[in-house]
Amino acid sequence: MRRRVLTLTAVLALLLTGCTAGNDGADDGVVRLRFQSLAWQKESVDANRQLVDEWNAAHPGIRIDYVQGSWDSVHDQLLTSFEGGEAPDIIHDASDDLADFAYGGDLADLRPLLPERLRADIPASSWRTTTFGEGIYGVPFLQEPRVIIANRKILDSSGVRVPTPSKPWSWAEFRQITQDLTRSMGPGRYAVAWPLKEPVSVSLNLGLSAGGRLFHREADGRVTLRFTEADAVVPGTVHDQVVNDRTAPRTTLGSGGSDTLPGFFAGKYAMVPLGFAYRQQIAQQAPEGFEWTVLPAPAGSAGLTQGVSPQTLSISEDSPHKKEAMAFLEFFLRPENMVRLARGDWMLPTGTAALADPSLHTPRDGWATGAAVAEKLRPAPAQSVRGYPEWKDKVATPAFQEYYSGAIDAAELRRRLVEDGNRVLARYQRK
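Model, not experiment: these values are computed from the prediction.

Conventions used here
- Residues numbered from 1 in each chain as written.
- Predicted model: local features only at pLDDT ≥ 70, side-chain atom pairs only at ≥ 80, totals over all residues.
- Heavy atoms only, no water.
- Core = buried A, V, L, I, M, F, W, Y, C linked by side-chain atoms within 4.5 Å.
- Buried < 20%, exposed > 50% of the residue type's maximum accessible area, 1.4 Å probe, protein only.
- Helix = DSSP H or I, 4+ residues; strand = E, 2+ residues; numbered from the N terminus.
- Contact = heavy atoms within 4.5 Å.
- Polar contact = N/O pair within 3.5 Å; in protein donor to acceptor, adjacent residues only side chain to side chain.
- Expected span 1.5 Å × (residues − 1).
- Bend = angle between axes of the 7 residues up to and from the residue.
- Pairing = 2+ DSSP bridges.
- Axes fitted to C-alpha atoms, helices over the stretch in contact; angles between N-to-C directions.
- Phe/Tyr/Trp six-rings, centres within 6.5 Å; stacked < 30°, edge-to-face > 60°.
- Parallel < 35°, antiparallel > 145°, perpendicular 65-115°, else oblique.
- Left-handed = near helix turned anticlockwise from the far one by under 90°.
- Nonpolar A, V, L, I, M, F, W, Y, C, P; charged D, E, K, R; others polar.
- pLDDT = per-residue confidence, 0-100.

**Details of the nonpolar core**
Piece 1. Counting residues in each nonpolar core, the largest one holds 50 residues, and the members touching the most others are Leu181, Trp194, Phe215, Met271 and Trp391.
Piece 2. Top contributing element to this core by residue count: helix H17 (residues 388-405), with eight residues.
Piece 3. With sequence-adjacent residues up to four places away left out, Trp194 is seen in contact with Trp171, Phe174, Val202, Leu206, Val238, Gln241, Ala248, Thr252, Leu253 and Pro273.

Following this line, the structure appears as structure tokens:
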């Protein structure tokens, strides 16, 4: 998840919004709960607000006040609100952002509050993403696999084998396919564009497919970094496509996913690996007549397995109305409502009942491909590791960026990730 440093003005503005949303009328016997949502796409905001309105209409004694937050600033805004004792009662976030708040005592342990239906509906692998120590500090409800968005006409005209979830490309085949595609496309065009402005999560999460782990928890509970041959498969493929094969341009390595779409629509790139939710932008922005398709990411020794950090809903430890907050979450995350939220965000639900909904298995817009990949999603490798944010920002991000551009070789990448990384983690694991 992207984290940017907030200006003091922005922090105070968001905090004041959260503080004033639902505190008036406190003597009328109505329980008022502030729900800070990070939904930002119109369809998603609409779905969230509609569900809040439906709850309020049916529960006049427990009112939910909708507060709009932002993915760009949520971590810093929550830090400020927790320190000031003014956190929202119900908090929308992502599982890879919860560790500091869970270990810091800011979030409620949900175990005594969770309804059995909700606990049983969400797979154990998803619950592991919000489990820190012995406690559960969030309900994982939306997840986003990484897929390949491809220009259908270019694929069809090239004659290359088109992968399916039941018969995906291997990483080696993917590299060969990009060589064949680039040759068929002509000068100045590339088979694949890698938008790697944030390279760490892409590298680690896709690396699970090849058996990579990088982070290893020892018998004493400590975590150490080891870079094996399995960890090298995905980074090596990207590096070779950019540096050796010239089937992927250097120019997109510092780009976000949206930045690659104009070139994709213009036929400059045949494929772009993206998060599943980018399909909404493509459906809305693609020029008339543009044909696109969704392909599964390549598979390795672990098949289509990939890491994911689901979106989550948590309850503040300071909330005086935790039971009422959980009652709202149980309503909000009923299977039919989880489907509405997933479709609004163009993502996939974690709940097994919601994921089985026929509307999420249609070929249109690649829903069926995403649903098939969802069965292989596992917790992101390092989200519960203390010190991971510092390692990611100070060590891994620059190391991966330099390796993918060809500035350093694989040996130097390994040295930085492991030697420099273990020094960072050691500071967080001193007893």
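**Concerning the side chain of Ser44**
Piece 1. Note on placement: Ser44 falls in helix H2 (residues 42-58).
Piece 2. The exposure class of Ser44 is buried, given its relative accessible area of 1%.
Piece 3. Within the structure, the side chain of Ser44 is placed 3.5 Å from the side chain of Asp345, a separation counted as a polar contact.
Piece 4. The residues touching Ser44, leaving out its near neighbours within four places in the chain, are Ala39, Gly344 and Asp345.

**Digging into unusual backbone geometry**
Both trends apply: most residues other than glycine have a negative phi, and most peptide bonds are in trans.
Piece 1. Here the phi dihedral of Trp346 falls at roughly 55°; this positive angle occurs in a residue that is not glycine.
Piece 2. Tracing the chain through its elements places Trp346 in the loop between helix H14 (335-345) and strand S15 (348-349).
Piece 3. Positive phi is not limited to glycine here, since Asp365 has a value of about 60°.
Piece 4. Relative to the helices and strands, Asp365 resides in the loop between helix H15 (352-355) and helix H16 (367-374).

**Quick word on helix H10 (residues 229-244)**
Piece 1. Helix length check: H10 (16 residues) gives 19 Å between terminal C-alpha atoms against 22 Å at 1.5 Å per residue, more than 12% under.
Piece 2. Maximum bend of H10: about 35°, positioned at Pro235.
Piece 3. Of all the residues in H10, the buried ones are Ala230, Asp231, Val234, Pro235, Gly236, Thr237, Val238, His239, Asp240, Gln241, Val242 and Val243.
Piece 4. Where the residues of H10 are buried, they touch helix H8 (171-185), strand S8 (190-192), helix H9 (199-207), H17 and helix H18 (410-428).
Piece 5. Downstream of H10 by a residue or two, Arg246 has a phi angle that is positive, lying close to 55°.

**Regarding the sheet that holds strand S11 (residues 269-275)**
Piece 1. Spatial strand order, S8-S11-S7-S12: four strands in an open sheet with mixed pairing. Edge positions in the open sheet fall to S8 and strand S12 (292-296), since each of these has one partner strand only. The sheet shows a mean angle of 30° between the axes of neighbouring strands, taken without regard to direction.
Piece 2. Of the strand pairs in this sheet, S8 and S11 are connected by two bridges, and their pairing is parallel. Within S11, the residue paired with Tyr190 across the bridge is Tyr269.

**Re the packing of aromatic side chains**
Piece 1. Following the criterion strictly, the structure yields 23 aromatic pairs and no others.
Piece 2. Relative to Phe265, the ring of Phe264 has its centre 6.0 Å away and its plane inclined at 45°; by these criteria the two rings are tilted.
Piece 3. Note on Tyr403 and Tyr404: the rings are 5.9 Å apart at their centroids and 45° apart in plane angle, and the pair reads as tilted.
Piece 4. With a relative accessible area of 6%, Tyr403 lands in the buried category.
Piece 5. Taking the relative accessible area as the measure of exposure, Tyr404 reaches 2% and is therefore buried.
Piece 6. A network of ring pairs unites the aromatic residues Phe35, Trp55, Tyr66, Phe328, Phe331 and Phe332 as a single cluster.

**So, the packing of H8 against H10**
Piece 1. As a packed pair, H8 and H10 sit with axes 10 Å apart at the nearest point and diverge in direction by 15°. Judged by the inter-axis angle, H8 sits roughly parallel to H10. Two packed elements cross with a definite hand, and for H8 against H10 that hand is right-handed. From H8, Trp171, Phe174, Arg175 and Thr178 reach across to H10, where they touch Val233, Val234, Thr237, Asp240, Gln241 and Asn244.
Piece 2. Residues that form the contact of H8 with H10 fall into these classes: four nonpolar, four polar and two charged.

**Examining H9**
Piece 1. Counting buried positions over the nine residues of H9 gives eight, a clear majority of the element.
Piece 2. Pro199, Val200, Val202, Ser203, Leu204, Asn205, Leu206 and Gly207 are the residues of H9 that are buried.
Piece 3. Against the buried residues of H9 lie strand S7 (146-151), H8, strand S9 (215-217), H10, strand S13 (306-308) and H17.

**Thoughts on the confidence of the model for the chain**
Low-confidence regions, as indicated by low pLDDT, have predicted coordinates that should not be scrutinised in detail.
Piece 1. A residue-level look at the chain finds 94% of positions with pLDDT of 70 or above and a mean pLDDT of 92.
Piece 2. Low confidence marks residues 1-25, where pLDDT is under 50. Its contacts with residues over four positions away, or in another chain, come to 48 contacts.

**Structural notes on the sheet that holds strand S14 (residues 311-315)**
Two orientations exist for strands paired in a sheet by backbone hydrogen bonds: parallel and antiparallel.
Piece 1. The mixed open sheet is built from six strands, whose spatial order is S2-S1-S3-S14-S6-S15. Of all the strands in the sheet, the pair left with one neighbour each is strand S2 (62-68) and S15.
Piece 2. Pairing geometry for strand S6 (residues 139-143) and S14, over three bridges, is antiparallel. Bridge pairing in S14 places Val139 opposite Leu313.

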